[in-house]
Amino acid sequence: EAGVAQSPRYKIIEKRQSVAFWCNPISGHATLYWYQQILGQGPKLLIQFQNNGVVDDSQLPKDRFSAERLKGVDSTLKIQPAKLEDSAVYLCASSLDVQAPRLFFGEGSRLTVL
Amino acid sequence: SQQGEEDPQALSIQEGENATMNCSYKTSINNLQWYRQNSGRGLVHLILIRSNEREKHSGRLRVTLDTSKKSSSLLITASRAADTASYFCATDYPDKLIFGTGTRLQVFP
């Protein structure tokens, strides 16, 4: 069974530039999550999708972050414009559905903002 | 804010020793999970314990849950160098998974 795929693995940009991360969840998983993990901290939930609808985006900085889930499958997380404090690993995870709590994570996309 | 906090923040032991890490959380939960994260990698699910369970085992892992104290512990027995990683507890809150701050475990050969 293929796991959660994320790209790119690494990205370096300058502040005020934009960046986009892509995630392909495990086939058949209805729920998709984007987490932000700053070095030395636990993952922080940014946004949660159930199929292509948003379940929770209360901690997504909506002035600069946006996310969409196309046709309930792939998802893209965009940051525009980036700030220094956005330097982090962006983890995508999926689960069968919101009632099935076990999450499967991708390897993450490491963003460095200079 | 983080729902859970792990203790200790860092732990160093020798191979063969047992490692115990604790997690405290703030609100009522339906279940609690533990995940492992190797350096530079994604998180991997280890074990889930439901609020009506007090103890659960999986291989060398033993998890306990005390809902009256809002705490859980993860015990890794007979540790190996390959157990070196960060360990996170996660609680449902209620329909989203909130992770703790993590314990960094170093196992020396």
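Residues numbered from 1 in each chain as written. Chains lettered and ligands numbered in written order. Predicted model: local features only at pLDDT ≥ 70, side-chain atom pairs only at ≥ 80, totals over all residues. Heavy atoms only, no water.

(A) The interface of chain A and chain B, seen in detail. With 22 residues of chain A at the contact, the number on the chain B side is 19 residues. In terms of surface lost to chain B, no three residues of chain A exceed P101, F105 and E107 of chain A, which account for 27% of the buried area on that side. For D56 of chain A, the salt bridge identified is with K96 of chain B, shortest N-O distance 3.0 Å. Taken together, the connections running from chain A to chain B amount to five residue pairs in polar contact (both at pLDDT 80 or more). Residue composition of the side of chain A that touches chain B, grouped by class: eight nonpolar, nine polar and five charged. (Contact = heavy atoms within 4.5 Å. Buried area = accessible area lost by both parts, 1.4 Å probe. Salt bridge = Lys/Arg side-chain N within 4 Å of Asp/Glu carboxyl O. Polar contact = N/O pair within 3.5 Å; in protein donor to acceptor, adjacent residues only side chain to side chain. Nonpolar A, V, L, I, M, F, W, Y, C, P; charged D, E, K, R; others polar.)

(B) Representation of unusual backbone geometry in the model. All names here are of chain A. The amide bond that connects S7 to the next residue, P8, takes the cis arrangement and shows omega of -10°. In the segment running from Q80 into P81, the intervening peptide bond is cis, with an omega of -5°. Examined against the element boundaries, P81 turns out to sit in the loop between β8 (75–79) and β9 (88–95). Positive phi values are uncommon outside glycine, yet R16 reaches one of about 80°. (Helix = DSSP H or I, 4+ residues; strand = E, 2+ residues; numbered from the N terminus.)

(C) Summary view of the side chain of K96 of chain B. Within the secondary structure, K96 of chain B is located in the loop between β9 (85–92) and β10 (97–99). Given a relative accessible area of 14%, K96 of chain B falls into the buried group. Looking at K96 of chain B, its side chain comes within polar contact range of the side chain of D56 of chain A, at 3.0 Å. In this view, K96 of chain B contacts L45, Q48, D56 and S58 of chain A together with T91 of chain B; residues no more than four positions away in its chain are not counted. (Buried < 20%, exposed > 50% of the residue type's maximum accessible area, 1.4 Å probe, protein only.)

(D) Structural view of the sheet that holds strand β7 (residues 61–66) of chain B. Residue and element names in this part refer to chain B. The strand order across the open sheet formed by five strands is β1-β3-β8-β7-β6, and the pairing between neighbours is antiparallel. In the strand order of this sheet, the two ends are held by β1 (4–7) and β6 (55–58), each with one partner. Direction aside, the axes of adjacent strands within the sheet are offset by 15° on average. The pairing of β6 with β7 spans four bridges and is classified as antiparallel. The partner of K56 across the bridge, within β7, is V63. (Pairing = 2+ DSSP bridges. Axes fitted to C-alpha atoms, helices over the stretch in contact; angles between N-to-C directions.)

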